[in-house]
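Given next are the chains, with one letter for each unit.
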Amino acid sequence: MNNTVKILLFFLLCSFLSCGNKGMGDAAVDTTVQSAVSVAPSSVPQFDADSAYSYVAKQVAFGPRVPNTAAHEACADYLASELKRHGAELFVQEAVLTAYDNTKLQARNIIGSYNPDSNRRILLFAHWDSRPYADHDADEANYRKPIDGADDGGSGVGVLLEIARLLGQQDPGRGIDIIFFDAEDYGTPPFAQSRMADSWCLGSQFWAKNPHVKNYRAEYGILLDMVGAKNAAFFKESMSVRYAAPFVEKVWNAARNLGYGKYFINAPGGAITDDHIYVSGGRSIPCIDIINYDPNTDTGFAPYWHTLNDSMPVIDRETLEAVGQTLLEVIFND
Ligand SMILES: [Zn+2]
């Protein structure tokens with residue numbers, strides 16, 4: 001054979017082999033799609049509400065996660081080990097933060113990163129500490145007792161741990177950072193004598209000044225706070241709309257398309273002092289807050305808010321799923 005014929009035969013053989021391979025590949029993909037839709041690379045993973053619920057229950061079982069307590073310390077270790085187990089690169093940021101009454105809080109911001117080298121990043125965050133005071137309880141005798149914080153603290157972290165579990169199974173193809181901020185809920189209670197500016201959100205304030213990665217940037221951020229109660233109502237929080245309107249629309253549209261419009265209300269909400277304010281302001285990252293806050297009620301917050309009733313019975317799997325599945329849709333289809 002001369003070289004021309006050899007080359008011709010070579011190409012014919014190659015095209016035959018590649019046809020055969022392609023056919024086999026397609027068959028293999030088809031089988032995968034039929035047997036397990038959630039592992040197909042282009043699909044959005046299915047949020048497991050039972051798993052998220054048990055992540056909330058697990059946190060509550062430690063006891064109130066009030067800084068400087070054994071329950072707080074044990075829960076921090078647990079959250080860090082879960083992020084690591086689900087394949088995140090782990091950063092634990094320790095800080096001594098000064099509370100409104102000058103108490104020195106041993107605090108930890110717990111951070112898990114997926115695709116840490118990617119320039120396209122979304123930041124997902126929630127606070128993991130719980131309020132030391134049931135200062136809105138119906139019974140004044142409970143004002144100084146710590147709350148379980150099943151919804152206020154536990155629910156946001158539970159949803160994000162379930163998302164971490166899924167990110168460990170399926171690459172989102174972009175950078176995702178999950179931050180559990182500490183000391184959000186140690187703000188000045190009404191019964192305190194002293195007053196301090198910016199006494200809430202101490203963990204996120206610290207991180208905004210000292211990010212875990214130098215010059216940290218993300219395209220946008222999503223805060224989850226009180227996202228687990230039955231019949232929760234997420235109005236469009238006004239600081240989110242002011243600083244991150246396109247991302248509010250993106251998330252609310254995704255929720256509506258998935259059939260979760262009864263939770264994600266297409267109407268303006270109030271302005272809330274929450275971790276997103278400090279992340280937006282301190283690091284110039286547009287952030288939105290998904291929070292159960294109805295501007296048409298007395299306090300805006302649900303009746304169990306900052307009371308001893310913020311415990312497991314208020315948590316509803318359907319609400320956790322509405323929030324978690326919406327976030328996955330945004331992350332994987334953005
Ligand atoms: Zn709170």
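Description of the structure in this document. (Residues numbered from 1 in each chain as written. Predicted model: local features only at pLDDT ≥ 70, side-chain atom pairs only at ≥ 80, totals over all residues. Heavy atoms only, no water.)

1. Side note on the overall build of the chain
Piece 1. Of the regular secondary structure elements, the chain holds 8 helices and 8 strands.
Piece 2. Counting every position in the chain, which comprises 334 residues, the buried fraction comes to 54%.
Piece 3. By sequence separation, contacts in the chain at least 24 residues apart represent 78% of the contacts at least 6 residues apart.
Piece 4. For the chain, the computed accessible surface area is about 15,000 Å², with 54% contributed by carbon and sulfur atoms. (Helix = DSSP H or I, 4+ residues; strand = E, 2+ residues; numbered from the N terminus. Buried < 20%, exposed > 50% of the residue type's maximum accessible area, 1.4 Å probe, protein only. Contact = heavy atoms within 4.5 Å. Areas by Shrake-Rupley, 256 points an atom, 1.4 Å probe, with all protein chains shown as cover.)

2. Examining the nonpolar core
Piece 1. Counting residues in hydrophobic clusters, the biggest one holds 63 residues, and the most contacted among them are L124, I163, I178, F180, F264 and I290.
Piece 2. The biggest single contributor to this core is helix α4 (residues 150–169), with 9 residues.
Piece 3. Those residues in contact with F264 that sit more than four places away from it in its chain are F234, V251, W252, A255, I290, A322, V323 and T326.
Piece 4. Counting residues in each nonpolar core, the second largest holds 13 residues, with I111, I179, A218 and C287 among its members. (Core = buried A, V, L, I, M, F, W, Y, C linked by side-chain atoms within 4.5 Å.)

3. With respect to helix α6 (residues 238–257)
Along an α-helix, a turn takes 3.6 residues, which lines up residues three or four apart on a common side.
Piece 1. Counted at 1.5 Å a residue, the expected span for α6 with its 20 residues is 28 Å, but the 22 Å between its end C-alpha atoms falls short.
Piece 2. Along α6, the sharpest kink reaches roughly 115°, centred on A244 and followed within four residues by the proline P246.
Piece 3. Contacts from the buried residues of α6 go to β5 (220–225), β6 (234–236), β7 (264–268), α7 (275–283), β8 (287–291) and α8 (317–333).
Piece 4. Capping of α6 at its N-terminal end is provided by E237; its side-chain oxygen lies 3.3 Å from the backbone amide nitrogen of M239.
Piece 5. With its phi angle positive at about 90°, G259 sits one or two positions after the end of α6. (Expected span 1.5 Å × (residues − 1). Bend = angle between axes of the 7 residues up to and from the residue. Polar contact = N/O pair within 3.5 Å; in protein donor to acceptor, adjacent residues only side chain to side chain.)

4. Here we look at the packing of helix α2 (residues 49–61) against helix α3 (residues 70–85)
Piece 1. The contact between α2 and α3 brings their axes to 10 Å, and the two run at 150°. One element, α2, and the other, α3, form an angle in the roughly antiparallel class. In this structure, the crossing between α2 and α3 has a hand that is right-handed. Of the residues in α3, those touching α2 at Y55, K58 and Q59 are C75, Y78, L79, E82 and R85.
Piece 2. For the contact of α2 with α3, the class distribution of residues is 4 nonpolar, 1 polar and 3 charged. (Axes fitted to C-alpha atoms, helices over the stretch in contact; angles between N-to-C directions. Parallel < 35°, antiparallel > 145°, perpendicular 65-115°, else oblique. Left-handed = near helix turned anticlockwise from the far one by under 90°. Nonpolar A, V, L, I, M, F, W, Y, C, P; charged D, E, K, R; others polar.)

5. Quick word on the pairing of β8
Piece 1. The element β8 is largely enclosed, with a buried count of 5 among its 5 residues.
Piece 2. Side chains C287, D289 and I291 of β8 all project onto a buried face; the interleaved residues I288 and I290 project onto the opposite face, where all are buried too.
Piece 3. Bridge count between β5 and β8: 5 bridges; the pairing is parallel. Counted as the bridge partner of L223 is D289 from β8. (Pairing = 2+ DSSP bridges.)

6. Thoughts on the pairing of strand β4 (residues 175–181)
Piece 1. β4 sits mainly inside the fold: 7 of its 7 residues count as buried.
Piece 2. The two faces of β4 match: G175, D177, I179 and F181 on one face and I176, I178 and F180 on the other face are all buried.
Piece 3. Relative to β4, strand β2 (residues 104–114) is paired through 5 bridges, and the arrangement is antiparallel. Bridge pairing in β4 links I110 to F180.
Piece 4. For strand β3 (residues 121–127) and β4, the ladder comprises 7 bridges, and the chain directions are parallel. Paired with I122 across the two strands is I176, which belongs to β4.
Piece 5. Since β3 and β4 lie parallel, the crossover through α4 that links them has a hand, and here it is right-handed. (Right-handed = clockwise from strand over helix to strand, strands pointing away.)

7. Concerning the coordination of the zinc ion
Piece 1. The zinc ion binds to the protein through D152 (OD), D185 (OD), D185 (OD) and H306 (NE2); the donor distances cover 1.9 to 2.6 Å.
Piece 2. Because the angles between the 4 donor atoms bound to the zinc ion fall within 55 to 147°, the donor set is best described as irregular.
Piece 3. The motif formed by the donor residues of the zinc ion, counted along the single chain, is D-x32-D-x120-H. Here D152, found in helix α4, pairs with H306, found in the loop between β8 and α8; they are 154 residues apart in sequence, far enough to count as distant. (Donors = N, O, S within 2.8 Å, 3.2 Å for Na, K, Ca; no water. Tetrahedral: all angles 85-135°; square planar, octahedral: opposite > 155°, others 65-115°.)

8. Some words on unusual backbone geometry
Piece 1. One non-glycine residue, N215, lies in positive phi territory at about 55°.
Piece 2. If you trace the backbone, N215 turns up in the loop between α5 (202–209) and β5.
Piece 3. With a phi angle near 55°, H306 is a residue other than glycine that sits in the positive phi range.

9. Some remarks on the pattern of salt bridges
Piece 1. Across all of its chains, the model carries 9 salt bridges by this definition.
Piece 2. Of the charged contacts in the structure, one is a salt bridge between D135 and R131, with a shortest N-O distance of 2.6 Å.
Piece 3. Taking the relative accessible area as the measure of exposure, D135 reaches 6% and is therefore buried. (Salt bridge = Lys/Arg side-chain N within 4 Å of Asp/Glu carboxyl O.)

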